[in-house]
Amino acid sequence: MNIQLLPSSFDADGRATSAQRLTCFLIDERVTVDAGSIGIALTEAQRRAVRDVIVTHPHMDHIASLPIYVDDLFAEVEEPIRIHATREVIDLLKRDVFNDNVYPRFDVLRNERGPVMQYVPFDIGKEFRIAHLTVTAAPVNHIVPTVGLLVSDGKTIVAFSSDTAETEEFWTMINRAPRIDALFIEASFPDSMRQLAEASKHLTPAMLNAELGKLNHNGLDILAVHLKPAYRETVAKELTALGIDNLSVMEPGRVYEW
Ligand SMILES: [Zn+2]
Ligand SMILES: [Zn+2]
């Protein structure tokens, strides 16, 4: 399985920088988890291949350029772009984003070949298929309905925490898996900003460390993501200071393989 955290910040020469302003993981060039930078960071080949998007929650940094992505592809898609999410999240996307005020209701629009965007609901705790992947979702503790995900291609198993503060069901789900090869976990704010992290339901490095105490698997790669750009260096230092084997900060734009 290969996974890339799409870049969302570019320097004057167009090169990706390490700042992560938006969240969108590209899996095997085919499926994305969240869609923050989907409309600005895919190559042409990837744009033609990605038709399945899992939305963990409707916060702007996770869907910012999704409407633009669908719009760009409106005339050319031969099958609808499928938005996989819980019913709660789909309702929020319909109400607050694809509502004809913020952007068109693409789910009711068609090009010459058929529908251009389709909502595909999934249930918490029930395995479902997307392309070659098997996916299971568990609720996490964030300010809106949000899910963490367990994703398997039959050989490799990875887990995405999405945005969360202290949480339980996500860890129960991944502890039930036979093995985890990689965990993508958020670390938004430095330890000095714990109050804000708690109010906005995110993790600091110390909170992340406590959460990892709930994990029963060993030997996996742990990739910290969602570091707020303004505090990236501090958070990265605090993560290193935890002294956890195989814990690193995920680099946007780099393709990781398991
Ligand atoms: Zn969020
Ligand atoms: Zn976020």
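Everything that follows concerns the structure shown earlier in this document.
Just so it is clear, the structure is predicted and the values come from calculations on it, not from any experiment.

Let us now look at the layout of surface pockets. Considering only enclosed or pocket space, the largest pocket measures out at about 180 Å³ in volume. As for the largest pocket, its lining consists of Leu-212, Leu-215, His-217, Asn-218, Gly-219, Leu-220, Ile-222, Ile-244, Asp-245 and Asn-246. Broken down by class, the residue content of the lining of the largest pocket amounts to five nonpolar, four polar and one charged.

A word on the coordination of the zinc ion (ligand 1). Summarising the metal site, the zinc ion (ligand 1) is bound by the protein donors His-57 (NE2), His-59 (ND1), His-142 (NE2) and Asp-163 (OD), whose distances to it range over 2.1 to 2.4 Å. Angles of 92 to 161° at the metal separate the four donor atoms of the zinc ion (ligand 1), which places the site in the irregular class. Between consecutive donors of the zinc ion (ligand 1), the numbers of intervening residues give the motif H-x1-H-x82-H-x20-D. Between the two metals, the zinc ion (ligand 1) and the zinc ion (ligand 2), the spacing is 3.5 Å, and Asp-163 donates to both. On the criterion of sequence distance, the pair formed by His-59 in the loop between strand E4 (52-54) and helix H3 (60-63) and His-142 in the loop between strand E10 (133-139) and strand E11 (147-152) is long-range, its members being 83 residues apart. With a relative accessible area of 8%, His-142 lands in the buried category.

So, on to the coordination of the zinc ion (ligand 2). Distances from the zinc ion (ligand 2) to its protein donors, Asp-61 (OD), His-62 (NE2), Asp-163 (OD) and His-226 (NE2), fall at 2.1 Å. Taken together, the four donor atoms surrounding the zinc ion (ligand 2) define angles of 89 to 167° at the centre, an arrangement classified as irregular. All donor residues of the zinc ion (ligand 2) come from one chain, and their arrangement in sequence is D-H-x100-D-x62-H.

Turning our eyes to something else, we now look at the pattern of salt bridges. Per the stated rule, a full pass over the model turns up 17 salt bridges. Linking Asp-13 and Arg-15 is a salt bridge whose minimum nitrogen-to-oxygen distance equals 3.1 Å. Across the pair, exposure class does not vary: Asp-13 and Arg-15 are exposed alike. Here Glu-44 ties to Arg-48 by a salt bridge, and the two come within 3.6 Å at their closest N and O atoms. On the criterion of helical spacing, the pair formed by Glu-44 and Arg-48 is a turn pair, its members being four residues apart in helix H2 (residues 44-49). It is possible to trace a salt-bridge network through shared partners that takes in Arg-30, Asp-52, Glu-79 and Arg-82.

The next point concerns the sheet that holds strand E13 (residues 182-186). Read across the open sheet, the seven strands follow the order E9-E10-E11-E12-E13-E14-E15; overall the sheet is mixed. The sheet is open, and its two borders are formed by strand E9 (128-130) and strand E15 (247-249), each paired with just one other strand. Direction aside, the axes of adjacent strands within the sheet are offset by 25° on average. With three bridges joining them, E9 and E10 adopt antiparallel strand pairing. What sits directly across from Arg-129, in E10, is Thr-134. On top of the sheet, helix H6 (residues 169-176) reaches E10, E11, strand E12 (157-160) and E13; it is set at about 145° to E10, its chief contact.

Quick notes on the rules
- Think of each chain on its own: its residues are numbered from 1, step by step along the sequence as written.
- Written order determines the labels here, with chains lettered from A and ligands numbered from 1.
- Reporting of local features is limited, given that this is a predicted model, to residues whose pLDDT is at least 70; pairs of side-chain atoms are given and counted only at 80 or more, and all residues count toward the totals for whole chains, interfaces and linings.
- Only hydrogens and water are set aside when side-chain values are computed; all heavy atoms of the structure are taken into account.
- Residues are said to line a cavity or pocket when one of their atoms sits within 4 Å of a point; the points come from a 1 Å grid over protein atoms alone, cavities being sets where a 1.4 Å probe fits but cannot get out and pockets being open sets with protein on both sides within 12 Å along at least five of seven lines.
- Grid points are joined across faces, edges and corners, and a volume is the space filled by probe spheres set on the points.
- Three classes are used, and their members are as follows: Ala, Val, Leu, Ile, Met, Phe, Trp, Tyr, Cys and Pro are nonpolar, Asp, Glu, Lys and Arg are charged, and the others, Gly among them, are polar.
- For Na, K and Ca the donor cut-off is 3.2 Å, while for other metals it is 2.8 Å, and in both cases only N, O and S atoms qualify; water is not among them, so sites may look incomplete.
- Geometry is assigned from donor-metal-donor angles: four donors are tetrahedral when every angle falls between 85 and 135 degrees, four are square planar and six octahedral when opposite donors sit over 155 degrees apart with all other angles between 65 and 115, and any other arrangement is irregular.
- Secondary structure counts use DSSP, requiring at least four H or I residues in a row for a helix and at least two E residues in a row for a strand, with both numbered from the N terminus.
- With a 1.4 Å probe rolled over the protein chains alone, any residue whose accessible area is under 20% of its type maximum counts as buried; one over 50% counts as exposed, and the rest are partly exposed.
- Salt-bridge detection follows one rule: a side-chain nitrogen of Lys or Arg within 4 Å of a carboxyl oxygen of Asp or Glu.
- At least two bridges found by DSSP between two strands are what make those strands a pair.
- Angles here are taken between N-to-C directions and fall from 0 to 180 degrees, while the axes themselves are lines fitted to C-alpha atoms, restricted in helices to the stretch in contact.
- Contacts: residue pairs with any heavy atoms within 4.5 Å of one another.

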